[in-house]
Amino acid sequence: MLEVSGLNAAYGRAHILFDLAFEARAGEVAVLLGRNGAGKSTTLKSIIGIVRPLAGEVHFFGRPIQHLQPYQIARLGVGYVPEDRRIFTDLTVMENLEIGRQPPREGAPRWTPAKLFELFPNLGRMQDRLGARMSGGEQQMLTIARTLMGNPRAILLDEPSEGLAPVIVEQMVRTIRELKTQGLTVLLCEQNLHFARQVADRAYVIEKGQLRGSGTLDEVREEYQQV
Amino acid sequence: MGSVPFFFMSASSILIQFLNGLASASSLFLVAAGLSLIFGVTRIINFAHGSLFMLGMYLAVALAPMLGFWWSVPLAALAVAAFGALVEATLLRRLYAAPELLQLLATFALVLVIKDFTLWAWGPEDLLGPRAPGMDGAVRIAGLRYPEYDLFLIGFGPLVLGALWFLLRRTRWGTLVRAATQDREMAGALGVNQRWLFTSVFALGALLAGLGGAVQIPREPATLFIDLQIISDAFVVVVVGGLGSIPGAFLAALLIAEIKSFCIGLGYSKITLVVEFIVMAVVLIVRPWGLLGRMPAQTRGPGALELPLALPSRNALVALGGTALALALVPLLSAGYTLVLLTDILVFALFAVSLHFIMGPGGLHSFGHAAYFGLGAYGAGLLLLKGGVPMELALVFAPLLAVLGALVFGWFCVRLSGVYLAMLTLAFAQITWSVMFQWDAFTGGSNGLIGIWPSSWLSSKTAYYYLTLATCVGAIALLWRVLYSPFGYALRAGRDSPLRADAIGIDVRAQQWAAFVFAGLFAGLAGALFAFSKGSISPEALAVPRSVDGLVMVLLGGIQTLTGPVWGAALFIWLQDVVSRSVDYWRAVIGAVVLFLVLVFPQGVTGFLRERFAR
Ligand SMILES: Nc1ncnc2c1ncn2[C@@H]1O[C@H](COP(=O)(O)OP(=O)(O)O)[C@@H](O)[C@H]1O
Ligand SMILES: [Mg+2]
């Protein structure tokens with residue numbers, strides 16, 4: 001349902017991604033594994049349209065989306081959770097959720113603040129708190145909840161476990177599994193093999209912007225440990 | 001009214017002055033709030049905001065006889081809002097990714113176009129507005145008469161503040177605006193269509209400006225000067241209050257308006273500007289981002305680094321020398337108008353090169369460089385006429401007045417960067433203009449000074465041409481030479497990476513301040529040469545459009561080239577000479593040309609030309 005082929009991207013003159021090709025099938029969790037600076041975040045930004053690819057195609061449910069604006073891609077049902085969270089710190093929890101809100105979507109789970117507070121009980125207890133006054137873990141929950149308010153069919157998660165306490169990481173694993181149960185397709189970027197193993201159905205290894213291997217997580221594990 | 005020390009003011013007149021301040025603050029707040037709102041979301045400083053205010057005024061005055069005052073006000077504001085939406089959708093939308101300088105220049109081009117449109121539509125005379133029916137009387141406050149309409153205005157500002165608060169805090173639209181102000185890219189990735197959000201924000205900002213203008217018409221006449229007056233007041237308010245903060249704009253509008261009111265009430269209207277300065281200085285020292293402002297969010301990634309300025313090749317130097325030599329031979333062929341035109345070109349080439357010195361290598365985008373040009377010109381005139389100094393000495397010492405201006409203004413300016421700097425330079429230039437324009441006894445006011453002629457041995461066109469040629473070529477060569485001195489390199493290091501420059505021991509602020517003063521000196525020299533070539537000087541010499549002329553020259557020639565500003569000045573002055581002889585609305589033509597250039601080459605005219613005619 002989300003297919004990427006021949007993806008090339010650059011920042012100015014620095015060519016970062018070279019002919020990347022991978023896919024995430026409906027209802028599964030696909031993981032892009034790569035070390036720091038491998039190009040994982042750039043890949044997700046290219047899919048959501050924040051970075052304009054130099055070349056290549058991105059298909060979402062068979063439809064090419066690489067030429068669309070980020071807001072148009074988001075309105076097709078692609079949710080994006082950036083690694084640096086980018087919470088609106090001047091806005092309260094409820095207001096942050098409001099920014100992400102989109103009309104219900106055919107074939108995608110429907111989220112309301114009430115349902116999200118079941119998934120993230122912490123957030124329910126701080127609905128009027130400003131984004132600036134939340135801990136890193138709470139912000140990470142909020143950034144996912146905010147994206148879910150758009151009722152996406154696929155969600156791009158950029159290193160959601162980064163910098164979180166082990167307990168919270170465990171919670172994140174449960175959250176991703178829950179999203180999968182709800183029928184969401186997940187494209188996850190990770191460096192943390194232990195975290196990836198607990199959720200991945202399919203894995204790709206990226207190094208210096210190029211694909212180094214693909215398969216199940218156990219199949220690519222060695223390749224990843226070599227890079 | 002004579003001057004009265006503060007402690008001799010009666011309690012009741014203190015109260016009245018206080019109320020006057022409150023009433024003026026309302027209109028000022030509307031403008032500043034609109035400016036802040038637009039900047040918050042689009043990151044564009046709308047230099048044409050004062051022009052929208054002016055349009056609101058003229059429209060309301062024009063509509064009032066037909067519809068009555070109370071209908072004309074909202075309708076004028078709505079018309080301005082519609083115009084704002086149109087401008088955003090056709091023009092600014094194309095510029096959100098363009099370099100900041102081009103954005104500023106584009107909104108500035110609008111100032112020129114709107115001014116000439118207003119002149120064409122309503123003529124050059126001031127237009128008196130109607131009184132507000134039902135509020136044209138006065139009430140007694142503490143024994144003194146006070147206009148009812150001013151009481152209405154006092155309430156109007158807080159009312160609008162409340163409405164804006166509701167809109168921004170309690171509606172989905174407002175939540176989107178606040179989110180986009182903080183991180184518009186993320187808002188887009190969450191499905192927020194920025195296009196129409198931006199258009200609506202711009203329309204609201206324009207509405208506030210138009211409304212601010214329309215409600216002023218019972219209090220003051222509509223004039224063609226009001227646009228730049230208002231925008232520089234609004235810039236001061238926004239710098240003091242904090243860019244992007246609506247309550248900050250309110251607070252600062254109150255502060256500035258009260259200062260003005262009390263200075264006028266005490267009979268010291270001339271020192272209003274000085275007091276405003278001091279307030280701004282204190283605020284900028286204590287809180288660099290304004291009373292309620294915060295450090296601006298970084299919305300752009302690290303900018304594309306400028307290519308290093310190459311040393312001119314031997315061939316280029318030979319060509320430049322050849323050009324200077326050819327110029328020296330011109331008087332042998334022609335003595336008439338060509339020499340006058342060439343003198344102008346040389347003067348403005350020096351002006352453009354001095355502006356380029358701080359803009360290109362310094363990275364300080366000054367929108368008020370004409371202030372130093374004008375100070376040099378007035379310095380020359382005043383030394384000659386009031387000081388009785390011989391012309392030769394006047395020419396030498398006049399630029400020192402510009403240096404003094406640059407020392408004071410520069411001290412503030414180097415504390416800021418980007419749009420803050422652009423706003424402040426413009427505000428300073430406007431303040432300098434106001435002083436020259438209003439100080440009838442000393443500067444001749446709006447008429448300026450006449451009889452500023454060179455000494456007899458320089459009075460022929462040919463002799464003065466040679467003086468100008470020698471001075472300008474020498475000065476330009478010196479400015480260029482300094483760019484390749486350690487000072488020039490340090491300046492560029494400070495522009496490209498202030499933090500790293502600091503780390504290797506360069507005092508970036510001091511370097512920039514010095515550059516400001518150095519550039520001011522040569523702009524002043526150009527101004528002094530200009531004054532003696534024309535024999536007279538008027539406030540136009542340092543009016544804000546003159547600053548924009550300089551920017552256009554630099555941009556035409558190429559901001560990151562060495563000799564570009566010279567060619568830009570030559571092209572500009574020649575075009576101006578040709579066009580202004582055949583067209584009445586020269587400013588609008590310049591504005592239209594700038595808009596055209598910016599729209600067609602949003603990544604910079606010169607980048608395009610450089611590719612096209614790669615040397
Ligand atoms: N905004 C940017 N401008 C220039 N280079 C960038 C930018 N963002 C990332 N890079 C570079 O692109 C490469 C890939 O970065 P990124 O996609 O963030 O990697 P990852 O997410 O795998 O750590 C890195 O070398 C990084 O330095
Ligand atoms: Mg990353």
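Residues numbered from 1 in each chain as written. Chains lettered and ligands numbered in written order. Predicted model: local features only at pLDDT ≥ 70, side-chain atom pairs only at ≥ 80, totals over all residues. Heavy atoms only, no water.

Turning to helix H20 (residues 508-534) of chain B, a few remarks are in order. Residue and element names in this part refer to chain B. Compared with an ideal rise of 1.5 Å per residue, which puts 27 residues at 39 Å, H20 spans 39 Å between its outermost C-alpha atoms and is within 8% of the ideal. Extensive coverage of H20 is indicated by the burial of 19 of its 27 residues. Just downstream of H20, Gly535 is the residue with a positive phi angle, here 80 degrees. (Helix = DSSP H or I, 4+ residues; strand = E, 2+ residues; numbered from the N terminus. Expected span 1.5 Å × (residues − 1). Buried < 20%, exposed > 50% of the residue type's maximum accessible area, 1.4 Å probe, protein only.)

Moving on to the site of ligand 1. All names here are of chain A. Every residue near ligand 1 is listed here: Tyr11, Ile16, Arg35, Asn36, Gly37, Ala38, Gly39, Lys40, Ser41 and Thr42. Between ligand 1 and the protein, one listed contact pairs an oxygen atom with a backbone N or O atom of Gly37 at 2.7 Å. Out of a free accessible area of 550 Å², ligand 1 has 61% covered by protein chains. Element by element, the count of residues in the shell around ligand 1 is highest for helix H1 (residues 40-48), at 3 residues. A class-by-class count of the residues in the shell around ligand 1 yields 3 nonpolar, 5 polar and 2 charged. (Near = heavy atom within 4 Å. Polar contact = N/O pair within 3.5 Å; in protein donor to acceptor, adjacent residues only side chain to side chain. Areas by Shrake-Rupley, 256 points an atom, 1.4 Å probe, with all protein chains shown as cover. Nonpolar A, V, L, I, M, F, W, Y, C, P; charged D, E, K, R; others polar.)

Attention now moves to the environment of B:Ala60. Residues and elements named next belong to chain B. The residue Ala60 is located in helix H2 (residues 49-67) in this model. A residue is classified by how much of its surface remains accessible, and Ala60, at 0% relative accessible area, is buried. It is 9.9 Å that separates the C-alpha atoms of Ala60 and Ala79, two residues lying 19 residues apart in sequence. Sequence-distant contacts of Ala60, defined by excluding residues within four places in its chain, comprise Ser72, Ala76, Ala214 and Ile217. (Contact = heavy atoms within 4.5 Å.)

With that out of the way, let us pick up the domain arrangement of chain B. Frequently, the measure chosen for interface size is the accessible area removed from exposure when the parts meet. All names here are of chain B. The domain architecture assigned to chain B consists of domain 1 (13-225) and domain 2 (320-614). Between the C-alpha centres of domain 1 and domain 2 there is a distance of 33 Å. In this complex, domain 1 contributes 24 residues to the contact, which on the side of domain 2 involves 31 residues. Across the domain 1 to domain 2 interface the summed buried area is about 2,400 Å²; carbon plus sulfur atoms make up 87%. The largest contributions to the domain 1 side of the interface with domain 2 come from Leu101, Leu105 and Leu112, which together make up 26% of the buried area. Residue contributions to the side of domain 1 that touches domain 2 peak at 14 residues, all from helix H4 (residues 100-122). (Domains from an automatic or database assignment. Buried area = accessible area lost by both parts, 1.4 Å probe.)

Let us now look at the nonpolar core. One finds B:Phe29, B:Phe47 and B:Phe108 to be the most contacted residues of the largest nonpolar core, which totals 250 residues. Here this core takes 16 residues from helix H12 (residues 337-359) of chain B, the largest share from any one element. Lining this core are residues from two domains, each supplying at least three of them: domain 1 (13-225) and domain 2 (320-614) of chain B. In contact with B:Phe47, other than residues within four places in its own chain, are B:Leu104, B:Thr107, B:Phe108, B:Val111, B:Ile231, B:Phe235, B:Phe367, B:Ala422 and B:Leu426. Counting 42 residues, the second-largest nonpolar core is a separate cluster that includes A:Ile87, A:Leu116, A:Val169 and A:Tyr224. (Core = buried A, V, L, I, M, F, W, Y, C linked by side-chain atoms within 4.5 Å.)

Residue and element names in this part refer to chain A. Taken across its 6 residues, strand E9 (residues 202-207) has 5 buried, putting it largely inside the fold. One ladder, built from 5 bridges, connects E9 with strand E10 (residues 210-215); its direction is antiparallel. Paired with Glu207 across the two strands is Gln210, which belongs to E10. Between E9 and E10, which pair antiparallel and follow one another directly, the connecting turn spans 2 residues, one of which, Lys208, has a positive phi of 45 degrees. (Pairing = 2+ DSSP bridges.)

The next subject is the interface of chain A and chain B. Contacts between the two partners involve 22 residues from chain A, matched on the other side by 18 residues from chain B. Summing both partners gives a buried area of about 1,900 Å² for chain A against chain B, and 53% of it is carried by carbon and sulfur. Inspection of the region where chain A meets chain B yields 4 salt bridges. For B:Arg178, the salt bridge goes to A:Glu95, with nearest N and O atoms at 2.6 Å. Between chain A and chain B we count 10 residue pairs in polar contact (both at pLDDT 80 or more) in total. A per-class count over the side of chain A that touches chain B returns 11 nonpolar, 4 polar and 7 charged. (Salt bridge = Lys/Arg side-chain N within 4 Å of Asp/Glu carboxyl O.)

Bringing the sheet that holds strand E6 (residues 78-81) of chain A into the picture now. Residues and elements named next belong to chain A. The sheet built from 6 strands is open, its strands ordered E6-E7-E8-E3-E9-E10 with mixed pairing. Each edge of the open sheet is held by one strand with a lone partner, namely E6 and E10. Strand-to-strand, the axes of this sheet are offset by a mean angle of 15 degrees, without reference to chain direction. Where H1 meets the sheet, its contacts fall on strand E3 (29-33), E6, strand E7 (154-158), strand E8 (185-190) and E9, and the angle it forms with E7 comes to roughly 150 degrees. (Axes fitted to C-alpha atoms, helices over the stretch in contact; angles between N-to-C directions.)

Here we take up the packing of aromatic side chains. Residues and elements named next belong to chain B. Under the defined criterion, the tally for this structure stands at 37 aromatic pairs over all chains. A ring pair is formed by Phe409 and Phe428, whose centres lie 4.6 Å apart and whose planes are at 5 degrees; its orientation type is stacked. Taken as a pair, Phe409 in helix H14 (residues 391-413) and Phe428 in helix H15 (residues 418-438) lie far apart in primary sequence, 19 residues in all. We note that Phe409, like Phe428, is buried. Centroid distance Trp411 to Phe412: 5.3 Å. Interplanar angle 90 degrees. Geometry classified as edge-to-face. (Phe/Tyr/Trp six-rings, centres within 6.5 Å; stacked < 30°, edge-to-face > 60°.)

The next subject is the coordination of the magnesium ion (ligand 2). Geometry reference: four tetrahedral donors at a metal, ideal angle 109.5 degrees. Six octahedral donors, ideal angles 90 or 180 degrees. Residues and elements named next belong to chain A. The magnesium ion (ligand 2) binds to the protein through Ser41 (OG), Glu83 (OE) and Glu83 (OE); the donor distances cover 2.0 to 2.8 Å. With Ser41 in helix H1 and Glu83 in the loop between E6 and helix H3 (93-100), this residue pair connects regions lying 42 residues apart in the sequence. On the accessibility criterion, Glu83 (27% relative accessible area) is partly exposed. (Donors = N, O, S within 2.8 Å, 3.2 Å for Na, K, Ca; no water.)

On to a nonpolar patch on the surface, then. All names here are of chain B. On the surface, a cluster of nonpolar side chains totalling about 570 Å² of accessible area is made up of Met66, Leu67, Trp71, Leu75 and Leu78. When residues of the nonpolar patch are traced back to their parent elements, those giving at least two are H2 and helix H3 (69-90). Broken down by element, the residue count for the nonpolar patch peaks at 3 residues, all from H3. Tracing the sequence through the fold places Met66 in helix H2. Residue class for Met66 comes out exposed when judged on its relative accessible area of 63%. (Patch = residues over 30% accessible without salt bridge, like charges linked within 9 Å, V, L, I, M, F, W, Y side chains within 5 Å.)

Attention shifts here to the environment of B:Ser245. Residues and elements named next belong to chain B. Positionally, Ser245 belongs in the loop between helix H8 (226-241) and helix H9 (246-265). By relative accessible area, which is 11% here, Ser245 ends up buried. Counting along the chain gives 211 residues from Ser245 to Ser456, while the straight-line C-alpha distance between them is 58 Å. In contact with Ser245, not counting residues within four places along its chain, are Ser36 and Leu292. For Ser245, the side chain forms a polar contact with the main-chain nitrogen of Gly248, separated by 2.9 Å.

What follows is about the side chain of A:Glu95. Relative to the elements of secondary structure, A:Glu95 occurs in helix H3. Looking at A:Glu95, the relative accessible area reads 15%, which means it is buried. Not counting residues up to four positions away in its chain, the partners in contact with A:Glu95 are A:Asp90, B:Arg169, B:Thr175 and B:Arg178.

All names here are of chain B. Remark: H14 packs on H20, axes separated minimally by 7 Å, with the N-to-C direction vectors making an angle of 145 degrees. The crossing of H14 and H20 is right-handed. Taking contact as the criterion, the partners of Met391, Ala394, Leu395, Ala398, Pro399, Ala402, Val403, Ala406, Leu407, Gly410, Trp411 and Cys413 in H14 are, on H20, Trp513, Phe516, Val517, Gly520, Leu521, Gly524, Leu525, Ala528, Leu529 and Phe532. Partitioning the contact of H14 with H20 into residue classes produces 19 nonpolar, 3 polar and no charged. (Left-handed = near helix turned anticlockwise from the far one by under 90°.)

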